[in-house]
Every structure is written in C-alpha cells, then in structure tokens.
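What the coordinates show
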Amino acid sequence: EQENSTTTVKKFFLFGFTESALLQYILFPTFLIVYAMTWLGNVTIITTVITDQQLHKPMYILLGNLAFIDLSESSVTLPKMLWDLLSEVKTISFWGCITQMFFFHFTGGAAAILLIVMALDRYVALHKPLQYLNIMNHNTLLGLIAGAWVAGFVHSIVQVALVTQLPFCGPNFLDNFYCDVPQVIKLACTDIYVVELLMVSNSGLLTILIFIVLIVSYAVILIKIRKHITRHKAFSTCGAQVAVVSIHFVPCIFIYAHPFQKLVVDKAMSSLYTLITPMLNPMIYTLRNTEMKNAINRLLNNIFFRMRN
C-alpha cells in the first residue's frame, strides 16, 4: 500500500519515434533541418519586427510575440528528441519530465490566447480603422500580451498540479518522444478516471472552444468587411491567421479532445503540432504579407551591405 500511494519512479524511458536504428539516423538530420528552419524563420521575424520602425504596429508586435512562442515551444521538445535519436537508451528524469510538461503547456496555452488577441486586433483594424490606434494603444497591447502569458501559466500549472499529485510506482515506459499529460497519467498507480476528465476539460474542451471562437471571429470579420474592401484584400488580411489557427488547433484537438486512449496516429499528430507548426507559421505570415516581405528584404540588404563594407 505504501508503494502504491507514493512516487518511487525516478525516471521515465521514452520509446521515441521508432526502434529502428536506421530510421532514427534518417530522422535525425530531417528534424535537425526542421529545427534549424524553425529558428531561422522565427528569429528573422523577431529581428525584423524589432529593427524595422515601419513594423512597430500592433499586428507585427503580436506576430513577433507569436514567433517567440513558436521558438520557445519547439525548443521544449526538439533538442531532447534530437539527442535521443542518437542515443541507445532514451530517458528523462521524473522532474525533468514534469518540467518539460510545464513549459510545453505554458507556451502552448500562451499561443492559443495570443491567437485570440490577433483575431481581435484584425477585427478592430478592419472594422474600426479610424479608432484602431486609440483602441490598440501601447498599454492595451502590453496588457493583452501579458494576459496571454498569464493564461498560459495558469493553464500549465493546473496541468502539472494534477499530474504531480498522482503516485507513480512503475511501469515507467512512455510511448512517445516527449513527456505529455496523456501518456504520463496512464502510468499512475491509481484510478485516473477523474483526472482524465479534468485533463480533457482543461485541454481538449478548451481547445475546441477557442478554435470555434477563432473561426467564428474570422468569419464575422470577413462578413463585416466584404462591402468595404475587395475580396482579395479581405482574404489576404485574414488568410494567414486562419491558416495558422487551423494548423495549430486541429492537431491539438485530435490529441487532447478524446479520452486518453492510445491511437496509431498519435505520434504523427504530436510531431505535427510540436515540430512542424512552429516552422510553418513564419513561412505562412511571410508569404501572405507583402509588408513583412519588404521589411525582411530591407533587413537582409542592410546585413549584406554591412558585410561588404
């Protein structure tokens, strides 16, 4: 009884993507390139927004914050995963696992709320252009960004609190390439039915509601502005955000909205959310936004000019 009521597990073993050594050596350079492109794209956006005075606007400040979150989120899981691809034994300490879960849901929660803020920003910009700068002033913008981070922290601390109160006494094998709540709570030495319901509510149901709110918001924006601007400008303005929202939330809904049962495609959906989305976001915004592309070109020209001199 004592063993079943206390945590005796000191570390977890990760199965990773595959047990094939050959496939692991193929995946390593692939994911290394993905991580490098994630850094390149997001750092480029952050640097451009900071250095270019023409981008010191609410929309681009929010975009810079999203790039920082994407960079942080991918760095929570990818470096450890790359290390494990070259390791025969893939382990993570118990508290290392808890820490990874905390920062993963911290950045993920902040990203979800920030996407709502970005939808609100687009609505104000397109529906009330004359009052836009007064409504989205500096203090309001800082408050909204801080609110996104606080909401992410609260969401994450609830997740971690529910996990850490569970007893873990073995087994300690995680069928994933990083620590996440659905797999970890399955290893608890107690009945987890109530905890599963709380997790589904905290992550799955909340993710669905936010996704619905965002899609409805962008639909309302398009309906409101269809008589005032051309269809091309409307879709150009909102298309990038809709794409980012979709690739961010659809995998999350798949992972967290169903009861925590093991599915064949779980790892594929997890990799899409943790690895691919942070890389794609800067590409989508850059390709869909002429002002951002021009600013990046100015930044690159300045860098090359300084290097030549």
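Residues numbered from 1 in each chain as written. Predicted model: local features only at pLDDT ≥ 70, side-chain atom pairs only at ≥ 80, totals over all residues. Heavy atoms only, no water.

What to know about the UniProt feature "transmembrane region" (unreviewed entry) in the protein
- With numbering matched to this structure, UniProt assigns "transmembrane region" (unreviewed entry) to residues 22-47, 98-120, 141-162, 204-223, 235-256 and 268-287.
- The distance separating the terminal C-alpha atoms of residues 268-287 is 26 Å; by composition the span is 100% helix and 0% strand. (UniProt positions renumbered as here; feature names shortened; annotations may be inferred. Helix = DSSP H or I, 4+ residues; strand = E, 2+ residues; numbered from the N terminus.)

Some details on helix 3 (residues 58-85)
- The end-to-end C-alpha distance of helix 3 is 40 Å, a good match for the 40 Å that 28 residues give at a rise of 1.5 Å each.
- Along helix 3, the sharpest kink reaches roughly 35°, centred on S75 and followed within four residues by the proline P79.
- Within helix 3, 21 of the 28 residues are buried, leaving the element largely enclosed by the surrounding structure. (Expected span 1.5 Å × (residues − 1). Bend = angle between axes of the 7 residues up to and from the residue. Buried < 20%, exposed > 50% of the residue type's maximum accessible area, 1.4 Å probe, protein only.)

Comments concerning the sheet that holds strand 3 (residues 173-174)
- Spatially, 2-1-3 is the arrangement adopted by the 3 strands of the open sheet, whose pairing is mixed. What marks the edges here is a single partner per strand, and that holds for strand 2 (91-93) and strand 3.
- When strand 1 (residues 11-14) meets strand 3, the two strands line up parallel, connected through 2 bridges. When the sheet's bridge partners are listed, F13 is paired in strand 3 with F173.
- Running at roughly 85° to strand 2, helix 4 (residues 94-127) makes contact with strand 1, strand 2 and strand 3 of the sheet. (Pairing = 2+ DSSP bridges. Contact = heavy atoms within 4.5 Å. Axes fitted to C-alpha atoms, helices over the stretch in contact; angles between N-to-C directions.)

Side note on the packing of helix 2 (residues 21-51) against helix 11 (residues 290-308)
- Contact geometry for helix 2 and helix 11: axes closest at 10 Å, N-to-C directions at 85°. Of the possible angle classes, the one that applies to helix 2 and helix 11 is roughly perpendicular. Packed against helix 2, whose contacting residues are T44, I45, T47, T48, V49 and T51, the element helix 11 presents M292, A295, I296 and L299 at the interface.
- Its residues assigned to classes, the contact of helix 2 with helix 11 shows 6 nonpolar, 4 polar and no charged. (Parallel < 35°, antiparallel > 145°, perpendicular 65-115°, else oblique. Nonpolar A, V, L, I, M, F, W, Y, C, P; charged D, E, K, R; others polar.)

Some words on empty space enclosed by the protein
- Throughout the structure, instances matching the rule amount to 1 cavity of 30 Å³ or more.
- Approximately 50 Å³ is the volume attributed to the largest cavity.
- Surrounding the largest cavity, L14, G16, F17, M81, D84, L85, K90, N176 and F177 form its lining.
- Looking at which element gives the most residues to the lining of the largest cavity, the answer is helix 3, with 3 residues.
- Residue classes in the lining of the largest cavity are distributed as 5 nonpolar, 2 polar and 2 charged. (1 Å grid on protein atoms, 1.4 Å probe; cavity = no way out; pocket = protein on both sides within 12 Å on 5 of 7 lines; lining within 4 Å. Points joined across faces, edges and corners; volume = space filled by probe spheres on them.)

Section: the side chain of K90
- In this fold, K90 is placed in the loop between helix 3 and strand 2.
- For the buried K90, no salt bridge is present, and the opposite-charge side chain at shortest range is D84, 6.7 Å distant.
- At 3.1 Å, the side chain of K90 forms a polar contact with the side chain of Q24.
- A polar side-chain atom of K90 sits 3.1 Å from the main-chain carbonyl oxygen of S87.
- Every residue in contact with K90, bar those within four places of it in the chain, is listed here: F12, F13, L14, F15, G16, Q24 and D84. (Lys, Arg positive; Asp, Glu negative; His and termini not counted. Salt bridge = Lys/Arg side-chain N within 4 Å of Asp/Glu carboxyl O. Polar contact = N/O pair within 3.5 Å; in protein donor to acceptor, adjacent residues only side chain to side chain.)

Digging into the nonpolar core
- Residues F12, V163 and F168 are the most contacted members of the largest nonpolar core, which totals 66 residues.
- Examining the composition of this core, we find that 16 residues originate from one element, helix 4, more than from any other.
- Not counting the four nearest positions on each side in its chain, V163 is found in contact with I98, M101, F168, V181, V184, I185 and M199.
- In this structure, Y35, L78, Y178 and C252 belong to the second largest nonpolar core, which totals 17 residues. (Core = buried A, V, L, I, M, F, W, Y, C linked by side-chain atoms within 4.5 Å.)

A closer look at the state of the cysteines
- The tally for this structure, following the rule as stated, stands at 2 disulfides.
- In this model C97 forms its disulfide with C179; the gap between the sulfur atoms is 2.1 Å. In this structure the cystine formed by C97 and C179 twists about its S-S bond by roughly -120°; its chirality is therefore left-handed. Of this pair, C97 sits in helix 4 while C179 is found in the loop between strand 3 and helix 7 (181-185), placing the two residues 82 residues apart along the sequence.
- The disulfide that involves C169 links it to C189, with 2.0 Å between the sulfurs. Sign of the S-S torsion, about -140° for the bond between C169 and C189, identifies this disulfide as left-handed. Of the two residues, C169 is situated in the loop between helix 6 (138-164) and strand 3 and C189 in the loop between helix 7 and helix 8 (193-225); the sequence distance between them amounts to 20 residues. (Disulfide = S-S within 2.5 Å.)

With respect to the packing of aromatic side chains
- Summed over all chains, the structure comprises 19 aromatic pairs.
- Their ring planes at 35° and their centres at 5.9 Å tell us that F15 and F173 sit as a pair that is tilted. Residue F15 is found in the loop between strand 1 and helix 2, and its partner F173 is found in strand 3; the two are separated by 158 residues along the sequence.
- Given the relative accessible area of 46%, F173 is considered partly exposed.
- Ring geometry for F94 and W95: centres 5.2 Å apart, planes at 85°, overall edge-to-face. (Phe/Tyr/Trp six-rings, centres within 6.5 Å; stacked < 30°, edge-to-face > 60°.)

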